[in-house]
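# Report on the structure
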Amino acid sequence: MEVRVVEGEFMGENLKIGVVVARFNDLLTGELLKGALDCFERHGVDRVDVVKVPGSFEIPLAAKKLAERGYDAVLALGAVVRGETKHFDLVASEVAKGVAKVSLDTGVPVIFGVITVEDELQGFDRAGVKSNKGFEYAMATLEMANLMKKLRD
Ligand code: INI
């Protein structure tokens, strides 16, 4: 039996990456962006373009535009904080569905880098105090960009 395993490397060479970042909860998303850019720089990504949108709800549309314009992968960064309204659930579920749809419709990996947290404190834990999820999501972006290249070739 021959078993072949295909997986993407964490290499940035020859990659053009798009990042869509929500300004809503900017204190958190700004930190996620820093973590992501740090990862891309350390892995030698050729080119990163960052697009800012008002809130997480707007992420899928901007991600779609980037996915259609030749980026190897798109990283979507946002922070949805529960608070006291039902808005949280609506925004969190729409952005998750939207990002998945863009990825499947376009064939371009769109990484779901939207943290959903109970409060800001929990958000800060994930955006730099304990770890920076932005860095981790950027690693997934590299892996998927390289994997899709391999599966195309
Ligand atoms: N947008 C977020 O990115 N995070 C949130 O926590 C949030 N909440 O809870 O309201 C939020 N709302 C704004 C939304 O994304 C849109 O920008 C707005 O509804 C305009 O379409």
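Structure: see above.
### Examining the side chain of Thr 141
Relative to the assigned elements, Thr 141 resides in helix H5 (residues 133-152). A polar side-chain atom of Thr 141 sits 2.7 Å from the main-chain carbonyl oxygen of Tyr 137. Setting aside its immediate chain neighbours within four residues, Thr 141 contacts Ile 17, Phe 40, Ala 73, Leu 75 and Ile 111.

### Quick look at the sheet that holds strand S3 (residues 73-81)
As a general point, the strands of a sheet are linked pairwise by backbone hydrogen bonds and lie either parallel or antiparallel. On the basis of which strands lie adjacent, the open sheet formed by four strands has the order S2-S1-S3-S4 and parallel pairing. Looking at which strands have only one partner, the edges of the open sheet turn out to be strand S2 (47-53) and strand S4 (110-117). Averaged over all pairs of adjacent strands, the angle between their axes in this sheet comes to 15°, without regard to strand direction. Of the strands in this sheet, strand S1 (16-22), S3 and S4 touch H5, which is tilted by about 160° from S4.

### Concerning helix H3 (residues 87-106)
Taking 1.5 Å as the rise per residue, H3 with 20 residues should run 28 Å; its terminal C-alpha atoms sit 28 Å apart, in good agreement. Buried residues of H3: Phe 88, Val 91, Ala 92, Val 95, Gly 98, Val 99, Val 102 and Ser 103, and no others. One face of H3 carries all of its buried residues, which in axial projection span an arc of 140°. For H3, exposure combined with an orientation more than 90 degrees from the buried face picks out Leu 90, Lys 97, Lys 101 and Leu 104.

### Structural notes on the packing of helix H1 (residues 26-42) against H5
Between H1 and H5, the shortest axis-to-axis distance is 7 Å and the interhelical angle comes to 45°. One way to sum up the angle between H1 and H5 is to call them oblique. Considering the relative orientation of H1 and H5, their crossing is right-handed. Between H1 and H5, the contacting residues are Leu 32, Gly 35, Ala 36, Asp 38, Cys 39, Phe 40 and Arg 42 on the first element and Lys 133, Gly 134, Phe 135, Ala 138, Met 139, Thr 141 and Leu 142 on the second. Taken together, the residues of the contact of H1 with H5 sort by class into eight nonpolar, three polar and three charged.

Reading the values: the criteria
Residues numbered from 1 in each chain as written. Predicted model: local features only at pLDDT ≥ 70, side-chain atom pairs only at ≥ 80, totals over all residues. Heavy atoms only, no water. Helix = DSSP H or I, 4+ residues; strand = E, 2+ residues; numbered from the N terminus. Polar contact = N/O pair within 3.5 Å; in protein donor to acceptor, adjacent residues only side chain to side chain. Contact = heavy atoms within 4.5 Å. Pairing = 2+ DSSP bridges. Axes fitted to C-alpha atoms, helices over the stretch in contact; angles between N-to-C directions. Expected span 1.5 Å × (residues − 1). Buried < 20%, exposed > 50% of the residue type's maximum accessible area, 1.4 Å probe, protein only. Arc of directions from axis to C-beta. Parallel < 35°, antiparallel > 145°, perpendicular 65-115°, else oblique. Left-handed = near helix turned anticlockwise from the far one by under 90°. Nonpolar A, V, L, I, M, F, W, Y, C, P; charged D, E, K, R; others polar.

None of the figures reported here should be taken as evidence of function without further support.
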